[in-house]
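Fold and geometry: a report
As a plain string of letters, each chain reads:
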Amino acid sequence: MSHPFPPVLIEKLKTAQRVAVLTGAGVSAESGVPTFREAQTGLWAQYDPQELATPRAFRQNPKLVWEWYAWRRQLAAKAEPNPGHLALAEMGKRVPHFTLITQNVDGLHPRAGSRHVVALHGDITRTKCFADGRPVAVWPETDQIPPRCPRCDGLLRPDVVWFGEGLPPDALGTAVSAARSCDLFFSIGTSALVQPAASLPIEALNSGAFVVEINLNETPLTPHIHLLLKGASGVILPKLIQAVWA
Ligand code: APR
């Protein structure tokens, strides 16, 4: 069967020992998870997400920020992995050394079957203490919003990375070494604007990897890479898997 992919990509993916993939909100768009940069709906339409996702916002109005994340958590829980997530889980089974790095906090990659996902920006289903940053799995039932840490009585917050905060060092270290050591790097559904994630494809390029972008649009990364596959990740990725491993 013929396919629209350049033969060089098929060959590289077939023979690559090490593949690293960076995903962003675009990969979950086809599952109906809203990105930060698109308009919010309903009750939340009046708020700018980039103003809510900060430690400052939480200090000023912890209840508002907690409730916004409760809403986003509910949206993520209702969403289903789409064919793009499933194709990446499949790729992970085929490539000898595969690292899936995501900026998404929605948990859809693991739910699609991807293992050892490097969650650069945390995970919306997890909670931690705002005071000491340690994870909190359970807390006494309460009407207080946000609930309090059972250890130190600090406020609880989602275990995600807010604007102005550092990334989890282990996740970032794994991501950087995967980018530096891979043969093939995919940047998928990300605007390639938010650092340090945006530097990962550049690290891969500087280390000699073949770098491919899958996006509906061009991004600031596009001029630097080897190949742009323009279109929806949920359409392109399953076709790519089919073309390489059918
Ligand atoms: N297939 C492929 N690409 C898509 C699709 C799709 N179906 N839908 C949207 N896109 C692309 C858009 O063209 C855009 O380039 O996905 C990108 C989404 O960009 P952002 O919303 O900026 O998401 P992301 O890059 O993940 O944002 C990075 O910033 O908002 C913070 O912490 C948050 O993790 C997030 C980080």
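Report follows, based on the coordinates. No experiment lies behind these values; they were computed from the predicted model shown.

1. Topic: the overall build of the protein
Each helix and strand counted, the protein has 10 helices and 8 strands in total. In terms of overall dimensions, the protein has C-alpha extents of about 60 × 35 × 30 Å along its principal axes. Looking at the protein residue by residue over its 246 residues, the buried ones come to 49%. Contacts in the protein between residues at least 24 apart in sequence constitute 67% of all its contacts with a sequence separation of at least 6. Per element, the accessible surface of the protein, about 12,100 Å² overall, is 52% carbon and sulfur. Separation of charge centres in the protein, based on 23 positive and 21 negative side chains, amounts to 3 Å.

2. Here's the deal with the pattern of salt bridges
Taken as a whole and judged by the stated rule, the model has 9 salt bridges. A salt bridge links Arg126 to Asp159, with the shortest nitrogen-to-oxygen separation between them at 3.1 Å. Of the two residues, Arg126 sits in strand S4 (residues 122–129) while Asp159 sits in strand S5 (residues 156–160), which places them 33 residues apart along the sequence. Look at Arg126 and you get partly exposed, because its relative accessible area is 39%. Given the relative accessible area of 15%, Asp159 is considered buried. One salt bridge in this structure joins Arg157 and Glu165, with 2.8 Å as the shortest N-O distance. For Arg157, a relative accessible area of 3% translates into the label buried.

3. Thoughts on the layout of surface pockets
In this structure, the largest pocket encloses a volume near 1,000 Å³. Taken together, 45 residues form the lining of the largest pocket, with Ala25, Thr35, Phe36, Arg37 and Asn104 sitting closest to its centre. Residue assignment for the lining of the largest pocket shows that the elements contributing at least two residues are helix H2 (25–29), helix H5 (62–78) and strand S7 (210–215). Taken together, the residues that form the lining of the largest pocket break down as 22 nonpolar, 17 polar and 6 charged.

4. Digging into helix H6 (residues 83–94)
An ideal rise of 1.5 Å per residue puts 16 Å on 12 residues; H6 measures up with 17 Å between its terminal C-alpha atoms. Buried residues of H6: Gly84, His85, Ala87, Leu88, Ala89 and Met91, and no others. Where H6 starts, the residue carrying a side-chain oxygen 2.7 Å from the main-chain nitrogen of Gly84 turns out to be Asn82.

Reading guide: rules and limits
- Residues numbered from 1 in each chain as written.
- Predicted model: local features only at pLDDT ≥ 70, side-chain atom pairs only at ≥ 80, totals over all residues.
- Heavy atoms only, no water.
- Helix = DSSP H or I, 4+ residues; strand = E, 2+ residues; numbered from the N terminus.
- Buried < 20%, exposed > 50% of the residue type's maximum accessible area, 1.4 Å probe, protein only.
- Contact = heavy atoms within 4.5 Å.
- Areas by Shrake-Rupley, 256 points an atom, 1.4 Å probe, with all protein chains shown as cover.
- Lys, Arg positive; Asp, Glu negative; His and termini not counted.
- Charge placed at Lys NZ, Arg CZ, Asp CG, Glu CD.
- Salt bridge = Lys/Arg side-chain N within 4 Å of Asp/Glu carboxyl O.
- 1 Å grid on protein atoms, 1.4 Å probe; cavity = no way out; pocket = protein on both sides within 12 Å on 5 of 7 lines; lining within 4 Å.
- Points joined across faces, edges and corners; volume = space filled by probe spheres on them.
- Nonpolar A, V, L, I, M, F, W, Y, C, P; charged D, E, K, R; others polar.
- Expected span 1.5 Å × (residues − 1).
- Polar contact = N/O pair within 3.5 Å; in protein donor to acceptor, adjacent residues only side chain to side chain.

These results come straight from atomic positions and should not be treated as a statement about function.
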